[in-house]
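# Examining the three-dimensional arrangement
Here's the letter readout for the chains.
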Amino acid sequence: MSPTSRSERRSRSFKPDRDVVEWHGAYVRYDLVKEFLVALGVVALLVVLLTVAFSSPDETPVTVRSWSTNNPVDFAQTAITELDGTSESATYGPPYNTGSNDTQSIGFFSPEKWVGVHIPINTAQDFVIGPLRTLPDRPDVRAALDRYQAAPASQQQAWTAAYEKAVANATFSNGVLHVAPGSYGPVGAIIGDLTSMARSGALDGALVSSKQFYSTDYTKPLLFIADGNYLSDLAGAQHLQGNQWGMMNETGNYPGQAWLWLYTLWYQVPPMNSSSSGDLQVWAIMMLLSLVMILVPFIPGLRSVPRWSRVYRLIWRQHYRSLATAPGASAKT
Amino acid sequence: MTVDSERESPTRNLPGILEEDAEQWTAKLRNAAIDALPPQRLMPDRQPAYVASWIYVFGVLTLAALAVVIVTGMVLAIMGPTWWHVSPVGHFVNSLHLWSVESFFAFMVVHLWGSFFMAAWRGKRRLTWVFGAFAFLASVGTAFTGYLSQQNFDSQWIGTQAKDGINSTGAGAVFNVLNFGQMLMWHIVLLPLAVGVIVGVHVLLVRRRGVVPPFALDEPGAPDDPPGSSGTAASAAIEGEA
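Calculation notes
- Residues numbered from 1 in each chain as written.
- Chains lettered and ligands numbered in written order.
- Predicted model: local features only at pLDDT ≥ 70, side-chain atom pairs only at ≥ 80, totals over all residues.
- Heavy atoms only, no water.
- Helix = DSSP H or I, 4+ residues; strand = E, 2+ residues; numbered from the N terminus.
- Buried < 20%, exposed > 50% of the residue type's maximum accessible area, 1.4 Å probe, protein only.
- Expected span 1.5 Å × (residues − 1).
- Contact = heavy atoms within 4.5 Å.
- Arc of directions from axis to C-beta.
- Domains from an automatic or database assignment.
- Salt bridge = Lys/Arg side-chain N within 4 Å of Asp/Glu carboxyl O.
- Polar contact = N/O pair within 3.5 Å; in protein donor to acceptor, adjacent residues only side chain to side chain.
- Nonpolar A, V, L, I, M, F, W, Y, C, P; charged D, E, K, R; others polar.
- Buried area = accessible area lost by both parts, 1.4 Å probe.
- Pairing = 2+ DSSP bridges.
- Core = buried A, V, L, I, M, F, W, Y, C linked by side-chain atoms within 4.5 Å.
- Axes fitted to C-alpha atoms, helices over the stretch in contact; angles between N-to-C directions.
- Parallel < 35°, antiparallel > 145°, perpendicular 65-115°, else oblique.
- Left-handed = near helix turned anticlockwise from the far one by under 90°.
- Lys, Arg positive; Asp, Glu negative; His and termini not counted.

### Quick word on unusual backbone geometry
Residue and element names in this part refer to chain A. Between Pro94 and Pro95 the backbone carries a cis peptide bond, its omega angle lying at 5°. One can find Pro95 in the loop between helix 4 (72–83) and helix 5 (111–115). Here Pro270 and Pro271 are connected by a cis peptide whose omega angle stands at 0°. Inspection of the secondary structure puts Pro271 in the loop between helix 13 (261–266) and helix 14 (278–294). A positive phi angle, close to 55°, is found at Asn174, a residue other than glycine. Mapping Asn174 onto the fold places it in the loop between strand 2 (171–173) and strand 3 (176–178). For Asn174, a relative accessible area of 79% gives the class exposed. Phi is positive for His239, which is not a glycine, with a value near 50°. When you line up the elements, His239 lands in the loop between helix 12 (230–237) and helix 13.

### A closer look at helix 2 (residues 32–54) of chain A
For helix 2 of chain A, with 23 residues, the first-to-last C-alpha span of 32 Å sits near the 33 Å given by 1.5 Å per residue. Every buried residue of helix 2 of chain A is accounted for by Ala39, Val43, Val47, Leu50 and Thr51 of chain A. Buried residues in helix 2 of chain A make contact with helix 3 (57–79) and helix 5 (88–117) of chain B. Immediately downstream of helix 2 of chain A, the backbone of Ser55 of chain A shows phi near 55°, a positive value.

### Some details on helix 8 (residues 153–167) of chain A
Spacing of three or four residues puts side chains on the same side of an α-helix, whose turn is 3.6 residues. All names here are of chain A. The end-to-end C-alpha distance of helix 8, which contains 15 residues, comes to 21 Å, matching closely the 21 Å that a straight helix rising 1.5 Å per residue would cover. Looking only at helix 8, the buried set comprises Gln156, Trp159, Thr160, Tyr163, Ala166 and Val167. Across the axial projection of helix 8, the buried residues extend over an arc of 125°, all falling on one side. Every exposed residue of helix 8 that faces more than 90 degrees away from the buried side is listed here: Ser154, Gln157 and Lys165. Residues of helix 8 that are buried in the fold lie against helix 4, helix 7 (139–150), strand 3 and helix 9 (187–200).

### Thoughts on the domain arrangement of chain B
Residues and elements named next belong to chain B. In terms of domain boundaries, chain B breaks down into domain 1 (50–118) and domain 2 (124–211). Each of domain 1 and domain 2 has a C-alpha centre, and these two points are 14 Å apart. On the domain 2 side, the residues contacting the 21 residues of domain 1 number 17 residues. On the surface where domain 1 and domain 2 come into contact, there are zero salt bridges. At the surface where domain 1 touches domain 2, the tally comes to three residue pairs in polar contact (both at pLDDT 80 or more). At the level of secondary structure, the elements contributing two or more residues to the side of domain 1 that touches domain 2 comprise helix 3, helix 4 (83–86) and helix 5. It is helix 5 that contributes the most residues to the side of domain 1 that touches domain 2, twelve residues altogether. Among the residues making up the side of domain 1 that touches domain 2, the classes are represented as 15 nonpolar, five polar and one charged.

### Observations concerning the environment of Asn70 of chain A
All names here are of chain A. Position of Asn70 among the secondary structure elements: in helix 3 (residues 64–70). For Asn70, a relative accessible area of 51% corresponds to the exposed category. Between the C-alpha atoms of Asn70 and Ala124, which are 54 residues apart in sequence, the distance is 23 Å. Of the polar contacts made by the side chain of Asn70, one reaches the side chain of Tyr230; its length is 2.8 Å.

### Concerning the interface of chain A and chain B
Counting residues at the interface gives 108 residues for chain A, matched by 110 residues for chain B. In total, about 10000 Å² of surface goes out of reach between chain A and chain B, with carbon and sulfur atoms giving 68% of it. Area buried by chain A at its contact with chain B is led by Val20, Trp259 and Trp316 of chain A, which between them contribute 8% of it. Linking chain A with chain B are zero salt bridges. At 15 residues, helix 2 of chain A tops the list of elements feeding residues into the side of chain A that touches chain B. In the side of chain A that touches chain B, the residues fall into 66 nonpolar, 22 polar and 20 charged. Alignment of strand 1 (residues 27–29) of chain A against strand 1 (residues 46–48) of chain B, held across three bridges, turns out to be antiparallel.

### What to know about the domain arrangement of chain A
Domains assigned within chain A are domain 1 (16–53 + 297–325) and domain 2 (64–237). Here the C-alpha centroids of domain 1 of chain A and domain 2 of chain A sit 57 Å apart.

### Details of the nonpolar core
Within soluble globular proteins, side chains that are nonpolar generally end up buried alongside one another. Formed by 124 residues in total, the largest nonpolar core has its most connected members in Leu83, Leu203 and Trp316 of chain A. The dominant element in this core, judged by the number of residues it contributes, is helix 6 (residues 126–148) of chain B, at eleven residues. With near-sequence residues (within four places) excluded, Leu203 of chain A lies in contact with Val64, Phe75, Phe127, Pro131, Leu194, Met197, Ala198 and Phe224 of chain A.

### Details of the packing of helix 6 of chain B against helix 8 (residues 180–209) of chain B
All names here are of chain B. Where helix 6 meets helix 8, the closest approach of the two axes is 8 Å, and the angle between their N-to-C directions is 160°. In terms of orientation, helix 6 and helix 8 fall into the roughly antiparallel class. Crossing handedness for the pair helix 6 and helix 8: left-handed. Tallied by class, residues from the contact of helix 6 with helix 8 come to 17 nonpolar, nine polar and no charged.

### Comments concerning the side chain of Asp279 of chain A
The topology assignment puts Asp279 of chain A in helix 14. In this structure, Asp279 of chain A is buried with no salt-bridge partner, the nearest side chain bearing the opposite charge being Lys163 of chain B at 8.3 Å. Once residues lying within four places of it in the same chain are set aside, the contact partners of Asp279 of chain A are Gln104 and Tyr267 of chain A together with Asp164, Gly165 and Ser168 of chain B.

So this is what it looks like as structure tokens:
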């Protein structure tokens, strides 16, 4: 192939959104190390000024003790749903259990279901019965638990259903949960004792206990707390609810994870804002958009947007101005 | 532009250093690294004249903010996760960490948009863009696990809200946002390592390929010709050809 024809072939294959013309123009002095150190100093000063002006939030965490102390009725109403297996956690599905309340899918695509249960949670045993059995010197509590566990499932269901109905109108005074009398067998004593245990702080420890001395896993208490209304009421007061753009915010007037705005945006628009598989739909959208961002240089049309938008003329306006004013200057780039 | 002297290994022809065994893996790796990034390209003291815009500042500002993030995070790591809740000094350091993260993201987003509008992937720079995009995504994950590791109300709320999204993907089986210990390890070991490596490769790729030249206004398909233009793309080298 002759040099001429090669040149012509290369000319035809030149794509301005993929290729560049080599720079043969001037070079100027540029001290990268000095630039970095100056930038480091400026950023460090900016960060110190922001810290002095705004500090950082550190809202006290909710404990089972604080929840049951500040809103014991909500705690009892939640505890009965953990015992009878109707709470959000009890019916959640993978990875916690075999429920299907939160199992999401897009057509046949349901990775949650495919992966299955990996963090087994039995709310009746893990949140109520197990912790109560750790109480020392309480034969009355053990007797109530023995009676409940020995009863047929239909009897357990009748007791818990009756109690759940009654506890909806419960009150709390003088350290005692007041529930209208009814046919709940041992369930009233069980929930009353669990409430007392929670208010003492003992339930916090029992929920994170493991076979080992050390523990850093708070899955169980967090799921229990999140099943109640207390945590979400506090979050609502701090403008953190899902319909308030949720977890991208932070307590107080702090910017939070502002970079999650696009992720949170999808939760505000149909059909994701009302779909039972909204989380999976949002994640599918974000995975697709992330892939598009990574592959921008390879996507025809999208990679041409910078050239079409002409924003580059603003960025390199000094360069283009110098080309325009230099008499007889080459404008290769 | 490649200069012959740039390809010379620093160990070649130096007094006191034995002649190298070019077949050795170590020598091959060293020479490949030097060929790819000769010292003057790795740390140049000259830049093309078109590198004269405020937008270029945001790349180095991002790196500077990352340095502050790392240093303040190391102080928090040295003192342990509960220190900043009980110590005024610890709270101050945590605040430095927070605002350096906020600054880091602000600078990085401007850098990202600037790179987009410069079409900074042109001329064999596509991998530079890809690593930059991965750096952004890895940073989002690092910040997210940081929020989960705070041991306060924000951690509780963010964790209990985020679990549904993570669980829906199936990842919740191995990435439990309610497990403080696991999230802390991701935040202070795995993800910072990932961000460090990705950002490091990104910076090396920038140094290897240099800063992308401006659009030539007389390129084929370019919007129009600049005043006084005389060059043609047919006479230009095409860096994009692999």
